[in-house]
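Single-letter residue listing:
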Amino acid sequence: MWISFFKLRLFCCLLAVLMVVVLVINVTQVEYLDHETVSATFIDSSGQFVSSQVTGISRNPYCGYEHQTLSSRERMEEDSLLAALQWQVPDVGPVPFLKSTDPSSSYFVILNSAAFFKVGSQLEVLVHVQDFQRKPKKYGGDYLQARIHSPKLQAGAVGRVVDYQNGFYKVFFTLLWPGKVKVSISLVHPTEGIRVLQHLQEEKPHRVYFKSLFRSGRISETTECNVCLPGSLPLCNFTDLYTGEPWFCFKPKKLPCSSRINHFKGGYLKGLLTAAENAFFQSGVNIKMPINSSGPDWVTVIPRRIKDLVEFNLGSPKNVGPFLAVDQKHSILLKYRCHGPPIRFTTVFSNELHYVANELNGIVGGKNTVVAIAVWSHFSTFPLEVYIRRLRNIRRAVVQLLDRSPKTVVVIRTANAQELGPEVSLFNSDWYNFQLDTILRKMFSGVGVYLVDAWEMTLAHYLPHKLHPDEVIVKNQLDMFLSFVCPLET
């Protein structure tokens, strides 16, 4: 009996010592993870910190993303995505404002305007850019947007821009409808502005910062949060255990990490540009300005509400959700919620920070299930690797959903163009969003999902570009979405 009692006491002592050791290790690794550790390690899909080797294309060192542990297939895909988005900006050294691209001096010409066209024919337009001294540019790299449209028919389409790297660009359009068609070309950013945006993307990803409120009883503290945080202060690790999506906050001085209440946008950094760089971002001068034609040149549906759909007021904050609506007549249940951080809404309760991949893993799926996903805008200030990682987790969950329920319909809304000013350009430029849109299309190509092409819809439409498009454009997007949900043959 005494021998058994002695063995039990010995076992309990060993178990207690083991628990203390595990606790110390966790506290050291999670709450006091300093900058050197963050920059030299990466959190894999199992939530573990691992080291890796850098191969292939040169990667952004932000947050240790160049140290990701990827499979050979993932590495090859990421190399391909980053290579496809290598913007051809010539290394011409500092360029004064007067020698930068001037949209008012530039022009375009319809090459085959006298030809007879049929629906489906190609239209070719030549664009020639000049500087503010009305001298031809000798290099490319400008970001142009091009569209054809017929306001009377409420129709529009976008063109494919080819940069010849010598100051000339050619735009190719497919003519999709009969009637009078107008060509519109716009300079979104000059080459010189693109160089500044590239620098911000690589060197200033923290230009949008986030915060969280920690509270316990009457004590509350607010600290800064982000995908990674510089410095040597103790950190709270809120990395998602399933997807490995990294998220950190500076540890409160008096409160534990578990006391986090919410997540909200802290703000935007100011004074990011020099006076010379500011000249490349002037409203009414060189941001989203039209380029005129040197010769002859030239999309809306009546809004309609779904009347049987009734929203249940859950008392959720605007934009954040979750939201719920029911159409009993047609047996439709509609749910919405925002994706996990980074997210720029004012305030989000911590328990409402759901990652898309985790939500997808909780869906049974089937022929009566439709999933709509839109993830891009809140990633515009980060290096591309941050967005690639997020989409990789979402894509993995989508593939698993379609494997277990092949008849599930998954629809992804692409990015869209928006209005730009000097400040907005530094955070939400169409150039940034164009990169995210390209990545999204390539990563979900062949996966078996449908795309609502919001990018082309907003770019081709005669209405002004907006981050949140006007109702008529949203109606067009909904019509396309419903065409996937309810195809004509059914």
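Residues numbered from 1 in each chain as written. Predicted model: local features only at pLDDT ≥ 70, side-chain atom pairs only at ≥ 80, totals over all residues. Heavy atoms only, no water.

The name an unreviewed UniProt entry assigns to the chain is NXPE family member 3 isoform X2, from the organism Neomonachus schauinslandi.

Draft legend 1. Geometry of the packing of helix α3 (residues 72–84) against helix α9 (residues 430–443). Two elements in contact, α3 and α9, have axes separated by 10 Å at closest approach and are oriented at 145 degrees. For the crossing formed where α3 meets α9, the hand is right-handed. Across the interface between the two elements, E77, L81 and A84 of α3 pack against I439, K442 and M443 of α9. Classifying every residue of the contact of α3 with α9 by side-chain character gives four nonpolar, no polar and two charged. (Axes fitted to C-alpha atoms, helices over the stretch in contact; angles between N-to-C directions. Helix = DSSP H or I, 4+ residues; strand = E, 2+ residues; numbered from the N terminus. Left-handed = near helix turned anticlockwise from the far one by under 90°. Contact = heavy atoms within 4.5 Å. Nonpolar A, V, L, I, M, F, W, Y, C, P; charged D, E, K, R; others polar.)

Draft legend 2. Representation of the sheet that holds strand β10 (residues 208–216) in the model. If you walk across this open sheet you meet the six strands as β12-β13-β11-β10-β14-β19, and the pairing is antiparallel. The open sheet terminates on both sides in strands that have one partner only, identified here as β12 (235–237) and β19 (348–349). (Pairing = 2+ DSSP bridges.)

Draft legend 3. Here's a closer look at the state of the cysteines. Evaluated as defined, the whole model comprises two disulfides. The partner cysteine of C225 in its disulfide is C249, sulfur to sulfur 2.0 Å. Note on the C225 and C249 pair: the S-S dihedral is about 105 degrees, so by sign convention the disulfide is right-handed. One end of the pair, C225, is in strand β11 (residues 219–226); the other, C249, is in strand β13 (residues 248–250), and 24 residues separate them in sequence. In this pair, the class of C225 matches that of C249, namely buried. Covalently, C236 is tied to C257 through a disulfide, its sulfur atoms 2.0 Å apart. Handedness here is read from the sign of the S-S torsion; for C236 and C257, about -85 degrees, the answer is left-handed. Of this pair, C236 sits in strand β12 while C257 sits in the loop between β13 and β14 (262–268), and the two are 21 residues apart along the sequence. For C236, a relative accessible area of 0% corresponds to the buried category. (Disulfide = S-S within 2.5 Å. Buried < 20%, exposed > 50% of the residue type's maximum accessible area, 1.4 Å probe, protein only.)

Draft legend 4. Structural detail: the side chain of S100. Relative to the helices and strands, S100 is located in the loop between α3 and β3 (101–110). In terms of polar contacts, S100 uses its side chain to reach the backbone carbonyl oxygen of F97, at 2.5 Å. Beyond its immediate stretch of four places on either side in the chain, S100 contacts V95, Q130, D131, F132, K137, E192 and F280. (Polar contact = N/O pair within 3.5 Å; in protein donor to acceptor, adjacent residues only side chain to side chain.)

Draft legend 5. Examining the pairing of strand β21 (residues 409–413) more closely. The buried fraction of β21 amounts to four of the five residues, a majority that puts the element mostly inside the structure. Assessed by its sense of winding, the connection that carries the chain from strand β20 (residues 370–373) through helix α7 (residues 384–404) to β21 is right-handed. Direction of pairing for β21 relative to strand β22 (residues 450–452): parallel, over a ladder of three bridges. When the sheet's bridge partners are listed, V411 is paired in β22 with Y450. (Right-handed = clockwise from strand over helix to strand, strands pointing away.)

Draft legend 6. Quick look at the confidence of the model for the chain. Taken over all residues, the pLDDT of the chain has a mean of 84, while the share at 70 or more is 83%. Long-range and interchain partners of residues 21–56, a stretch whose pLDDT sits below 50, account for 75 contacts in this model, where long-range means more than four residues apart. When the criterion is pLDDT under 50, residues 299–304 qualifies, and its contacts beyond four places in sequence or with other chains add up to 20 contacts. (pLDDT = per-residue confidence, 0-100.)

Draft legend 7. Expanded view of the nonpolar core. If you look at the biggest cluster of nonpolar residues, it comprises 68 residues, and the most contacted ones within it are L360, I373, Y387, I394, V398, I439 and F444. No other element matches α7, which puts ten residues into this core. Excluding its chain neighbours within four sequence positions, the residues that come into contact with V398 are L360, I373, V410, F444, V447 and V449. Counting residues in each nonpolar core, the second largest holds 20 residues, with L123, V125, A155 and Y169 among its members. (Core = buried A, V, L, I, M, F, W, Y, C linked by side-chain atoms within 4.5 Å.)

Draft legend 8. Summary view of the sheet that holds strand β18 (residues 332–336). The strand order across the open sheet formed by three strands is β16-β17-β18, and the pairing between neighbours is antiparallel. Each end of this open sheet is capped by a strand with a single partner; those strands are β16 (310–312) and β18. Here the average twist between neighbouring strands, direction ignored, is 25 degrees. Taken together, the five bridges between strand β17 (residues 323–327) and β18 define a ladder with antiparallel strand orientation. Its bridge partner lying in β18, A325 is registered against L334.

Draft legend 9. Molecular detail of the packing of aromatic side chains. Applying the stated criterion across every chain, the model contains 13 aromatic pairs. With 5.5 Å between their ring centres and 15 degrees between their planes, F323 and Y336 make a pair best called stacked. Of this pair, F323 sits in strand β17 while Y336 is found in strand β18, placing the two residues 13 residues apart along the sequence. A relative accessible area of 25% means that F323 is categorised as partly exposed. (Phe/Tyr/Trp six-rings, centres within 6.5 Å; stacked < 30°, edge-to-face > 60°.)

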